[in-house]
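Listed here are the chains, written in short residue letters.
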Amino acid sequence: MSEGVKRLSQLGLSAIGGRDPEITGISVDSRTVRPGYLFAALPGSALHGGEFIQYALRMDAVAILTDAAGAALAADVLRGWDGALVVAEDPRAALAGAAALFFGQQPERVVAVTGTAGKTSVASFTRQIWQSLGHKAISLGTMGVQGDYEAKLSHTTPEPVTLHRILSEAAKAGVTNVAMEASSHGLDQRRLDGVRIKAAAFTNFSQDHLDYHAGFDEYFSAKALLFNHILETGDAAVINADGERGQQMAEIARDAGLMLMTVGRDENCDFQVLGQRYDATGQDLRFAWQGRPHLVRLGLIGGFQAENVLAAAGLAIASGDDPARVFEVLPQLETVRGRMQLVAQRENGAAVFVDYAHKPGAVIAALQSLRPHVMGRIIVVLGAGGDRDKGKRALMGQAAQDFADVVIVTDDNPRSEDPASIRAEVMKGAGPDATEIGDRAEAILRGVDALQPGDALLVAGKGHETGQIVGSDVFPFDDAEQASVAVAALDGKI
């Protein structure tokens, strides 16, 4: 049997009637099905994949994986078909397992990180630590695949076929270490099943994705799947014990028989934050590792980065690296694009930062963390995305009003909603002193223009994104670029 071809039974799947064809590929999109493929027809939020089985059969799929509902939807076209039909109670889990077996190869050390905020930074920092120590490493998530093998992703946690293909290609390219983000969607939809993850981190928990999850408990339970479903007994869990639900997640990790490593400010934490000293370009971090103090210089803005850095250090240590060597390379860490990123400075010394904060808790964390670095006022420009959790809009405005000195409310990605209506909801929380400017470029320009010596501007919400979604269109827009242009224009450099 040629390379890349496996029998259906070799993918852990059993078809009705015992059919066992050779599988040449797997797809979850009927448009990409080729002769010899297995097509996975999965339940979706709007449509069931069973609706597309007819198209997969026209493309000569030899096997269909679905659930009872999908099989019922395609009953007419499946009648008389001589291919292999697999009806699974949980087709998503079955697909993940099949994809893992089809692609086979994975890098030796894979770790994952979940939490409402900080996933991208922790994954990136872990990858940077590994690279500094001489490992061939990648990080995988919101920013795509970065490091010693690169690729673009359409989701923070891609569907299993894409995920396992990337892991296999990275391994063949010599990558030994992977740090990946684990979104609540990805965990809930079983996208990480079949990935051999040996250590995982939990950063924090606050309101987000309630347009997908029914409530806080369901949202938390999805994240907990990383520890009580994906990891196995004896694997490592790095848990930020501070904040909401930290202790609860630590208890879940203990109950699952995981090797627990805690991060926080309590003296009982394995990684204890002892103190931070801030300046305009970064911070000095004093921390204890298992009771022994260490001092490192970090070129990172934001107090919350201490916990992110220590979580990344914990993942590196938990996956086999020497603690002393890990601590030596921490000063080399660079911020993730769009995460508390210093993008421009005015001639009067005022600074402009861009951050991805698009949730109430993240806005609060960003503003609180920026405050110690700033001698003057903090000006914030922010909005809220359309077609997303509406409950967080007023809360985001309130967060800006509570923790910034000047608030400018603008458009984020309105998508299919009326931008003015979204801004009105944010303004309810931001209060009467906030300024509303719909055009995001103008809002950034006004924020930059207001900067006085010692001030700082935080442009929140879009971070690394290079487009603004209005209706069904995506217009080029980069917060960092807009801020840089505004600074140059106002300082007479263009």
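Note that the structure is predicted; figures quoted are calculated from it, not measured.

Q: Looking at this structure, I do not really get helix H14 (residues 419-430). What am I missing?
A: Residues that lie three or four places apart on an α-helix share one face, since the helix turns once every 3.6 residues. In this model, H14 (12 residues) spans 16 Å end to end at C-alpha, consistent with the 16 Å of a helix rising 1.5 Å per residue. Along H14, the positions that sit buried rather than exposed are Ile422, Arg423, Val426, Met427, Gly429 and Ala430. For H14, the buried positions fall inside an angular range of 155° around the axis, keeping them on one side. Against helix H13 (393-403), strand E20 (406-409) and strand E21 (435-436) lie the buried residues of H14. Looking one or two residues beyond H14, the residue adopting positive phi is Gly431, at roughly 90°.

Q: Looking at this structure, I do not really get the side chain of Asp389. What am I missing?
A: As for its position among the elements, Asp389 is in the loop between strand E19 (378-382) and H13. The side chain of Asp389 sits in the buried core without any salt bridge; Lys392 is the nearest counter-charge, 5.9 Å away.

Q: Can you help me understand the sheet that holds strand E4 (residues 37-40) in this one?
A: Paired through their backbone hydrogen bonds, the strands of a sheet run either parallel or antiparallel. In spatial order, the strands read E3-E4-E5-E6; together these 4 strands make up an open sheet with parallel pairing. The open sheet has two edge strands with one neighbour each: strand E3 (25-27) and strand E6 (84-87). Averaged over all neighbouring strand pairs, the angle between strand axes comes to 15°, with direction disregarded. Where E4 meets strand E5 (residues 63-66), 3 bridges bridge the pair, whose relative direction is parallel. What sits directly across from Leu38, in E5, is Ala63. Together, E3, E4 and E5 form the strand contacts of helix H4 (residues 91-103), whose direction differs from that of E3 by roughly 150°.

Q: In this structure, what is going on with the side chain of Gln341? I would like to understand it.
A: When you line up the elements, Gln341 lands in strand E17 (residues 341-345). Ignoring any residue separated from it by four or fewer positions in sequence, one finds Gln341 in contact with Thr335, Val336, Val352, Phe353 and Val354.

Q: Sorry, what's going on with the packing of aromatic side chains here?
A: Here the distance between the centres and the angle between the planes together describe a pair of aromatic rings. Taken as a whole and judged by the stated rule, the model has 10 aromatic pairs. Both rings, one in Phe202 and one in Phe220, keep their centres 6.4 Å apart while their planes meet at 90°; by these two values the pair is edge-to-face. Separated by 18 residues along the polypeptide, Phe202 in strand E11 (residues 197-202) and Phe220 in helix H8 (residues 216-230) bring together distant segments of the chain. Seen in terms of ring centroids, Phe205 and Phe220 are 5.5 Å apart; in terms of plane orientation they differ by 90°. Their pairing is edge-to-face. Taken together, the residues span a long stretch of sequence, with Phe205 in the loop between E11 and H8 and Phe220 in helix H8 at a distance of 15 residues. Judged by relative accessible area, Phe205 falls into the buried class, the value being 5%. Here Phe220 falls in the buried class, since its relative accessible area comes to 2%. An aromatic cluster is defined as three or more aromatic residues linked by ring pairs; in this entry it consists of Phe202, Phe205, Tyr219 and Phe220. The ring of Phe102 has Lys6 lying over it, and the distance from NZ or CZ to the ring centre is 5.8 Å.

Q: Even after reading the chapter, I still don't get the pattern of salt bridges, so can you show me in this structure?
A: It is possible for side chains bearing opposite charge to pair when their charged atoms get close. For the coordinates displayed, the defined rule picks out 22 salt bridges. Put simply, Asp405 and Arg371 hold a salt bridge, and the shortest N to O gap is 3.0 Å. Here Asp405 is found in the loop between H13 and E20, whereas its partner Arg371 is found in the loop between helix H12 (360-370) and E19, with 34 residues between them in sequence. Judged by its relative accessible area of 43%, Asp405 falls in the partly exposed class. Among the salt bridges present, the one from Arg440 reaches Asp479, with a minimum N-O distance of 2.9 Å. Pair noted here: Arg440 is in helix H15 (residues 440-449) and Asp479 is in helix H16 (residues 479-490), with a separation of 39 residues, a long-range link. Judged by relative accessible area, which is 0%, Asp479 ranks as buried.

The rules behind each value
Residues numbered from 1 in each chain as written. Predicted model: local features only at pLDDT ≥ 70, side-chain atom pairs only at ≥ 80, totals over all residues. Heavy atoms only, no water. Helix = DSSP H or I, 4+ residues; strand = E, 2+ residues; numbered from the N terminus. Expected span 1.5 Å × (residues − 1). Buried < 20%, exposed > 50% of the residue type's maximum accessible area, 1.4 Å probe, protein only. Arc of directions from axis to C-beta. Contact = heavy atoms within 4.5 Å. Lys, Arg positive; Asp, Glu negative; His and termini not counted. Salt bridge = Lys/Arg side-chain N within 4 Å of Asp/Glu carboxyl O. Pairing = 2+ DSSP bridges. Axes fitted to C-alpha atoms, helices over the stretch in contact; angles between N-to-C directions. Phe/Tyr/Trp six-rings, centres within 6.5 Å; stacked < 30°, edge-to-face > 60°. Lys NZ or Arg CZ within 6 Å of the ring centre and 35° of its normal.

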